[in-house]
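# Analysis of the macromolecular model
One letter stands for each residue in the lines below.
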Amino acid sequence: MDPHAPGPRSEAVLRRYAAALDARDWHDLAGCLAPDFTSLLVHTGERFDVVGHVALNRDYPGAWRVTLEDVVADGVRAAGRARVTDGASTFHVALFATVGGDALVELVEVWTESEQPPPDRST
C-alpha cells in the first residue's frame, strides 16, 4: 500500500496530533509523524524532521495547552486553526498538513500572538 495514497484520515491524523501536543504525550506525537516527516515554521523559517519537531515541542519552556478549534480536510490535505496558551500568553496557529496513511508527512505552521484591536475598531 502506498503510504502517500489519498484517504479519509487527514482530519483524524491532525486531530490526533493536536491531542498529543495538548497531552504532552511525546511518544504519541512521534507516532503521528511519518519517518520522512518535515515541518516548517513560517514565522522563523525553521525546518524540522521527526526528531527535531518532537524535541522543539517537548523542550519548549512552559506548560502550553493546545486547542484545535477548526479543521477542514479533503483527501490527504487538512488545515486547522488552533489556540495555544500557557494561561499568561496566547498564540493562534494555522496548521497546513499533508497526510500519508495514518501519519503527517508535512506540516506548515503559521503563528501569531493574540492582540487587542485598536481602540477605534469595534470587535
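Placed above this text is the structure.
First, a word on scope: everything that follows refers to the structure included in this document.

So, how was this worked out
Residues numbered from 1 in each chain as written. Predicted model: local features only at pLDDT ≥ 70, side-chain atom pairs only at ≥ 80, totals over all residues. Heavy atoms only, no water. Phe/Tyr/Trp six-rings, centres within 6.5 Å; stacked < 30°, edge-to-face > 60°. Pairing = 2+ DSSP bridges. Helix = DSSP H or I, 4+ residues; strand = E, 2+ residues; numbered from the N terminus. Contact = heavy atoms within 4.5 Å.

Further remarks concern the packing of aromatic side chains. Evaluation of the coordinates by the stated rule reveals three aromatic pairs. A connected cluster of aromatic rings, assembled from ring pairs, spans Tyr60, Trp64, Phe91 and Trp111.

Regular strands show a simple pattern: their side chains alternate between the two faces of the sheet. Pairing of strand β3 (residues 65–74) with strand β4 (residues 77–85) involves nine bridges; the strand directions are antiparallel. Looking at β4, one finds that Asp70 is bridged to Arg81. Between the end of β3 and the start of β4, which pair antiparallel, lie two residues, with Gly75 showing a positive phi angle near 65°.

Bringing the environment of Leu104 into the picture now. Position of Leu104 relative to the elements: it lies in strand β6 (residues 103–113). A sequence separation of 34 residues divides Leu104 from Asp70, and the C-alpha atoms of the two residues are 17 Å apart. Leu104 has contacts with Val13, Tyr17, Cys32, Leu33, Ala34, Phe37, Ala97, Thr98 and Val99, leaving out every residue within four places of it along the chain.

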